[in-house]
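Structural characterization, general
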Amino acid sequence: MPSTLEGQITMEKTPSYFVTNSAPKRIHMMARDIKLIIVVRNPVTRAISDYTQTLSKRPEIPTFEVLAFKNRTLGLIDASWSALRIGIYALHLESWMQYFPLSQMHFVSGEGLIVDPAGEMAKVQDFLGLKRIVTDKHFYFNKTKGFPCLKKPEDSSTPRCLGKSKGRTHPKIDPDVIRRLHKFYKPFNMMFYQMTGQNFQWELEEDGASPGSRD
Ligand SMILES: Nc1ncnc2c1ncn2[C@@H]1O[C@H](COP(=O)(O)OS(=O)(=O)O)[C@@H](OP(=O)(O)O)[C@H]1O
(Lines give C-alpha, C1' and ligand atoms only; values in the text may rest on other atoms or scores of the structure.)
Protein backbone atom coordinates (compact mmCIF):
# COMPACT_ATOMS: atom_id res chain seq x y z
CA MET A 1 0.00 0.00 0.00
CA PRO A 2 1.50 3.42 -0.90
CA SER A 3 2.33 5.87 1.90
CA THR A 4 -0.40 8.33 2.72
CA LEU A 5 0.66 11.92 2.19
CA GLU A 6 -0.61 14.97 4.07
CA GLY A 7 -4.19 15.67 2.98
CA GLN A 8 -4.75 12.19 1.60
CA ILE A 9 -6.86 9.32 2.84
CA THR A 10 -5.81 5.79 2.03
CA MET A 11 -8.68 3.46 1.26
CA GLU A 12 -8.67 -0.30 0.97
CA LYS A 13 -11.61 -2.43 -0.13
CA THR A 14 -11.86 -6.09 0.83
CA PRO A 15 -15.48 -7.20 1.35
CA SER A 16 -14.39 -10.51 2.92
CA TYR A 17 -12.71 -8.77 5.89
CA PHE A 18 -16.15 -8.15 7.40
CA VAL A 19 -16.72 -11.90 7.72
CA THR A 20 -13.15 -12.93 8.59
CA ASN A 21 -12.83 -13.70 12.29
CA SER A 22 -9.16 -12.77 12.54
CA ALA A 23 -9.52 -9.46 10.68
CA PRO A 24 -10.72 -7.10 13.47
CA LYS A 25 -7.81 -7.93 15.78
CA ARG A 26 -5.22 -7.69 13.01
CA ILE A 27 -6.59 -4.43 11.65
CA HIS A 28 -6.79 -2.99 15.16
CA MET A 29 -3.12 -3.86 15.70
CA MET A 30 -2.25 -2.11 12.43
CA ALA A 31 -4.33 1.07 12.91
CA ARG A 32 -6.71 1.39 15.84
CA ASP A 33 -8.08 4.75 14.66
CA ILE A 34 -9.04 3.43 11.21
CA LYS A 35 -12.51 4.21 9.84
CA LEU A 36 -14.55 1.26 8.66
CA ILE A 37 -17.18 1.40 5.94
CA ILE A 38 -19.53 -1.56 5.60
CA VAL A 39 -21.97 -1.87 2.72
CA VAL A 40 -24.95 -4.06 3.55
CA ARG A 41 -28.05 -5.04 1.63
CA ASN A 42 -31.02 -7.29 2.32
CA PRO A 43 -29.30 -10.58 3.22
CA VAL A 44 -31.77 -12.58 1.12
CA THR A 45 -31.01 -10.56 -2.02
CA ARG A 46 -27.33 -10.65 -1.06
CA ALA A 47 -27.40 -14.45 -0.94
CA ILE A 48 -29.05 -14.67 -4.35
CA SER A 49 -26.54 -12.19 -5.76
CA ASP A 50 -23.69 -14.24 -4.28
CA TYR A 51 -25.16 -17.43 -5.79
CA THR A 52 -25.59 -15.71 -9.19
CA GLN A 53 -21.92 -14.75 -9.16
CA THR A 54 -20.81 -18.33 -8.36
CA LEU A 55 -23.22 -19.73 -10.94
CA SER A 56 -21.68 -17.56 -13.64
CA LYS A 57 -18.30 -19.18 -12.94
CA ARG A 58 -19.54 -22.71 -12.18
CA PRO A 59 -22.80 -23.37 -14.04
CA GLU A 60 -22.86 -26.99 -12.82
CA ILE A 61 -23.57 -26.15 -9.14
CA PRO A 62 -26.90 -27.26 -7.59
CA THR A 63 -29.84 -24.89 -7.53
CA PHE A 64 -30.10 -22.13 -4.91
CA GLU A 65 -33.08 -23.94 -3.38
CA VAL A 66 -30.99 -27.11 -2.88
CA LEU A 67 -27.99 -25.32 -1.39
CA ALA A 68 -30.08 -23.21 0.98
CA PHE A 69 -31.36 -26.14 3.04
CA LYS A 70 -29.89 -28.85 5.21
CA ASN A 71 -33.33 -30.45 5.15
CA ARG A 72 -35.97 -28.74 3.06
CA THR A 73 -38.89 -30.79 4.35
CA LEU A 74 -38.05 -29.83 7.90
CA GLY A 75 -37.33 -26.28 6.78
CA LEU A 76 -33.80 -26.50 8.14
CA ILE A 77 -31.73 -23.68 6.59
CA ASP A 78 -28.04 -24.40 5.90
CA ALA A 79 -26.52 -21.43 7.72
CA SER A 80 -23.04 -22.81 7.06
CA TRP A 81 -23.41 -22.16 3.32
CA SER A 82 -21.27 -19.06 2.85
CA ALA A 83 -23.87 -17.28 0.68
CA LEU A 84 -26.22 -17.41 3.66
CA ARG A 85 -23.72 -17.09 6.49
CA ILE A 86 -22.30 -13.79 5.21
CA GLY A 87 -25.77 -12.22 5.57
CA ILE A 88 -25.88 -12.85 9.34
CA TYR A 89 -24.50 -9.34 9.78
CA ALA A 90 -25.08 -9.15 13.54
CA LEU A 91 -22.78 -12.11 14.06
CA HIS A 92 -19.92 -10.57 12.10
CA LEU A 93 -20.42 -7.11 13.55
CA GLU A 94 -20.05 -8.53 17.04
CA SER A 95 -16.43 -9.47 16.35
CA TRP A 96 -15.69 -5.96 15.09
CA MET A 97 -17.36 -4.33 18.08
CA GLN A 98 -14.89 -6.07 20.35
CA TYR A 99 -12.12 -3.94 18.83
CA PHE A 100 -13.71 -0.83 17.36
CA PRO A 101 -16.32 1.64 18.67
CA LEU A 102 -19.39 2.22 16.51
CA SER A 103 -18.27 5.81 15.99
CA GLN A 104 -15.50 4.43 13.75
CA MET A 105 -17.95 2.50 11.61
CA HIS A 106 -20.28 3.64 8.88
CA PHE A 107 -22.95 1.43 7.35
CA VAL A 108 -23.99 2.07 3.78
CA SER A 109 -27.38 0.81 2.64
CA GLY A 110 -26.90 -1.21 -0.54
CA GLU A 111 -30.49 -0.42 -1.48
CA GLY A 112 -29.87 3.28 -0.82
CA LEU A 113 -26.81 3.16 -3.05
CA ILE A 114 -29.05 2.20 -5.97
CA VAL A 115 -32.04 4.50 -5.37
CA ASP A 116 -30.11 7.49 -4.02
CA PRO A 117 -26.37 7.15 -4.71
CA ALA A 118 -25.68 10.83 -3.99
CA GLY A 119 -27.49 10.63 -0.65
CA GLU A 120 -25.41 7.62 0.43
CA MET A 121 -22.24 9.26 -0.83
CA ALA A 122 -23.04 12.43 1.15
CA LYS A 123 -23.15 10.35 4.34
CA VAL A 124 -19.88 8.59 3.46
CA GLN A 125 -18.15 11.91 2.81
CA ASP A 126 -19.45 13.33 6.10
CA PHE A 127 -18.23 10.24 7.94
CA LEU A 128 -14.78 10.65 6.41
CA GLY A 129 -14.72 14.35 7.26
CA LEU A 130 -14.58 15.32 3.60
CA LYS A 131 -16.33 18.11 1.76
CA ARG A 132 -19.37 16.91 -0.16
CA ILE A 133 -17.64 16.85 -3.53
CA VAL A 134 -19.57 13.93 -4.99
CA THR A 135 -23.20 15.00 -5.38
CA ASP A 136 -26.31 14.46 -7.48
CA LYS A 137 -24.53 16.14 -10.39
CA HIS A 138 -22.21 13.15 -10.71
CA PHE A 139 -24.85 10.47 -11.27
CA TYR A 140 -27.49 9.64 -13.84
CA PHE A 141 -29.81 6.68 -14.05
CA ASN A 142 -28.92 4.42 -16.94
CA LYS A 143 -32.15 2.76 -18.13
CA THR A 144 -30.38 0.00 -20.08
CA LYS A 145 -28.21 -0.96 -17.15
CA GLY A 146 -31.04 -0.40 -14.69
CA PHE A 147 -28.63 1.25 -12.25
CA PRO A 148 -27.10 4.64 -11.56
CA CYS A 149 -23.85 5.34 -13.39
CA LEU A 150 -21.19 8.06 -13.16
CA LYS A 151 -21.68 10.96 -15.57
CA LYS A 152 -18.01 11.71 -15.94
CA PRO A 153 -15.35 9.86 -13.98
CA GLU A 154 -12.11 11.70 -13.02
CA ASP A 155 -9.99 9.90 -15.61
CA SER A 156 -12.30 10.06 -18.61
CA SER A 157 -14.75 12.29 -20.40
CA THR A 158 -17.31 9.57 -21.02
CA PRO A 159 -19.93 8.23 -18.60
CA ARG A 160 -19.10 5.03 -16.77
CA CYS A 161 -21.29 2.30 -15.38
CA LEU A 162 -20.11 -0.62 -13.30
CA GLY A 163 -19.10 -3.69 -15.33
CA LYS A 164 -21.25 -6.54 -16.66
CA SER A 165 -20.70 -8.61 -13.52
CA LYS A 166 -22.48 -5.98 -11.40
CA GLY A 167 -26.23 -5.82 -11.68
CA ARG A 168 -26.73 -9.20 -13.31
CA THR A 169 -30.21 -10.67 -13.66
CA HIS A 170 -30.82 -13.07 -10.79
CA PRO A 171 -32.37 -16.50 -11.35
CA LYS A 172 -35.99 -16.90 -10.27
CA ILE A 173 -36.05 -18.46 -6.81
CA ASP A 174 -39.01 -20.38 -5.37
CA PRO A 175 -41.04 -17.73 -3.45
CA ASP A 176 -41.53 -20.16 -0.58
CA VAL A 177 -37.75 -20.41 -0.16
CA ILE A 178 -37.50 -16.61 -0.20
CA ARG A 179 -40.17 -16.41 2.52
CA ARG A 180 -38.35 -18.96 4.66
CA LEU A 181 -35.10 -17.07 4.27
CA HIS A 182 -36.73 -13.78 5.29
CA LYS A 183 -38.03 -15.55 8.38
CA PHE A 184 -34.60 -17.01 9.09
CA TYR A 185 -32.87 -13.62 8.86
CA LYS A 186 -35.50 -11.56 10.71
CA PRO A 187 -34.08 -12.00 14.26
CA PHE A 188 -30.52 -11.40 13.03
CA ASN A 189 -31.63 -8.31 11.12
CA MET A 190 -33.40 -6.96 14.23
CA MET A 191 -30.23 -7.53 16.25
CA PHE A 192 -28.22 -5.75 13.56
CA TYR A 193 -30.58 -2.73 13.54
CA GLN A 194 -30.26 -2.54 17.30
CA MET A 195 -26.48 -2.80 17.27
CA THR A 196 -26.05 -0.17 14.55
CA GLY A 197 -28.95 2.08 15.57
CA GLN A 198 -30.06 1.98 11.93
CA ASN A 199 -33.19 0.37 10.57
CA PHE A 200 -32.52 -0.87 7.05
CA GLN A 201 -36.18 -1.87 6.63
CA TRP A 202 -35.45 -5.17 4.95
CA GLU A 203 -38.63 -6.64 6.42
CA LEU A 204 -40.71 -4.29 4.26
CA GLU A 205 -39.27 -6.06 1.25
CA GLU A 206 -40.75 -9.45 2.00
CA ASP A 207 -43.29 -9.02 -0.77
CA GLY A 208 -40.36 -8.89 -3.18
CA ALA A 209 -40.88 -5.20 -3.92
CA SER A 210 -37.48 -4.17 -2.60
CA PRO A 211 -35.89 -1.04 -4.03
CA GLY A 212 -33.32 -2.10 -6.58
CA SER A 213 -34.15 -5.76 -6.18
CA ARG A 214 -35.11 -7.74 -9.24
CA ASP A 215 -35.64 -11.09 -7.54
N1 LIG B 1 -24.55 1.58 -9.77
C2 LIG B 1 -24.59 0.26 -9.71
N3 LIG B 1 -24.37 -0.50 -10.83
C4 LIG B 1 -24.39 -1.85 -10.75
N5 LIG B 1 -24.60 -2.55 -9.62
C6 LIG B 1 -24.83 -1.83 -8.49
C7 LIG B 1 -24.83 -0.42 -8.49
N8 LIG B 1 -25.08 0.00 -7.23
C9 LIG B 1 -25.22 -1.08 -6.49
N10 LIG B 1 -25.09 -2.19 -7.25
C11 LIG B 1 -25.20 -3.54 -6.72
O12 LIG B 1 -23.87 -4.00 -6.45
C13 LIG B 1 -23.91 -5.41 -6.51
C14 LIG B 1 -22.53 -5.97 -6.76
O15 LIG B 1 -21.75 -5.69 -5.69
P16 LIG B 1 -20.71 -6.71 -5.14
O17 LIG B 1 -20.79 -6.70 -3.69
O18 LIG B 1 -20.84 -8.02 -5.84
O19 LIG B 1 -19.40 -6.02 -5.58
S20 LIG B 1 -17.97 -6.48 -5.13
O21 LIG B 1 -17.85 -7.89 -5.48
O22 LIG B 1 -17.84 -6.24 -3.74
O23 LIG B 1 -17.11 -5.62 -5.94
C24 LIG B 1 -24.87 -5.74 -7.62
O25 LIG B 1 -25.51 -6.93 -7.26
P26 LIG B 1 -26.17 -7.84 -8.38
O27 LIG B 1 -27.36 -7.09 -8.83
O28 LIG B 1 -26.51 -9.11 -7.71
O29 LIG B 1 -25.15 -8.02 -9.45
C30 LIG B 1 -25.83 -4.55 -7.68
O31 LIG B 1 -27.12 -4.85 -7.21
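Residues numbered from 1 in each chain as written. Predicted model: local features only at pLDDT ≥ 70, side-chain atom pairs only at ≥ 80, totals over all residues. Heavy atoms only, no water.

Turning next to the overall build of the protein. A count of helical and extended segments in the protein gives eight helices and six strands. If you list the helices and strands of the protein from N to C, you get α-β-α-α-β-β-α-α-β-α-α-β-β-α. In terms of overall size, the protein behaves like a compact globule, its C-alpha atoms giving a radius of gyration of 19 Å where 215 residues would be expected to give roughly 17 Å. Principal-axis analysis of the C-alpha atoms gives the protein an extent of 60 × 45 × 30 Å. (Helix = DSSP H or I, 4+ residues; strand = E, 2+ residues; numbered from the N terminus. Rg over C-alpha atoms; globule rule 2.2 N^0.38 Å.)

On to the packing of aromatic side chains, then. In the structure shown here, the tally under the stated rule is 14 aromatic pairs. Each ring, one from Y89 and one from W202, has its centre 5.6 Å from the other, and the planes form 55°; the classification is tilted. With Y89 in helix α5 (residues 89-97) and W202 in the segment after α8 (175-196), this residue pair connects regions lying 113 residues apart in the sequence. Exposure class is identical for Y89 and W202. Each is buried. Relative to F200, the ring of F192 has its centre 5.7 Å away and its plane inclined at 25°; by these criteria the two rings are stacked. The burial state of F192 is the same as that of F200; both residues are buried. Through successive ring pairs, a cluster of aromatic residues spans Y89, F107, F192, Y193, F200 and W202. Positioned above the aromatic ring of F127 is the side chain of K35, whose terminal nitrogen or guanidinium carbon lies 5.2 Å from the ring centre. (Phe/Tyr/Trp six-rings, centres within 6.5 Å; stacked < 30°, edge-to-face > 60°. Buried < 20%, exposed > 50% of the residue type's maximum accessible area, 1.4 Å probe, protein only. Lys NZ or Arg CZ within 6 Å of the ring centre and 35° of its normal.)

This brings us to the UniProt feature "binding site: 3'-phosphoadenylyl sulfate" (unreviewed entry) in the protein. In the numbering used here, UniProt assigns the feature "binding site: 3'-phosphoadenylyl sulfate" (unreviewed entry) to R41, S49, K166, G167, R168, T169 and H170. Inspection of the secondary structure puts G167 in the loop between β6 (147-150) and α8. Classification of G167 by relative accessible area gives partly exposed; the value is 34%. Owing to a relative accessible area of 23%, R168 belongs among the partly exposed residues under this scheme. Of the polar contacts made by the side chain of R168, one reaches the side chain of S56; its length is 3.3 Å. (UniProt positions renumbered as here; feature names shortened; annotations may be inferred. Polar contact = N/O pair within 3.5 Å; in protein donor to acceptor, adjacent residues only side chain to side chain.)

With that settled, the discussion passes to the environment of P62. Inspection of the secondary structure puts P62 in the loop between α2 (43-57) and α3 (64-67). Separated by 34 residues in sequence, P62 and W96 have C-alpha atoms that sit 33 Å apart. Setting aside residues up to four positions removed in sequence, P62 forms contacts with Y51 and L67. (Contact = heavy atoms within 4.5 Å.)

A few words on the nonpolar core. In this structure, F64, W81, L84 and L181 are the most contacted members of the largest nonpolar core, which totals 19 residues. Residue assignment for this core shows that the elements contributing at least two residues are α2, α4 (82-85) and α8. Considering every element that reaches this core, the biggest residue donor is α8, with five residues. When sequence neighbours within four positions are dropped, the list of residues in contact with L84 reads A47, A68, I77, D78, L181 and Y185. Core analysis: the second largest hydrophobic core is formed by 18 residues, I27, I38, W96 and F107 among them. (Core = buried A, V, L, I, M, F, W, Y, C linked by side-chain atoms within 4.5 Å.)

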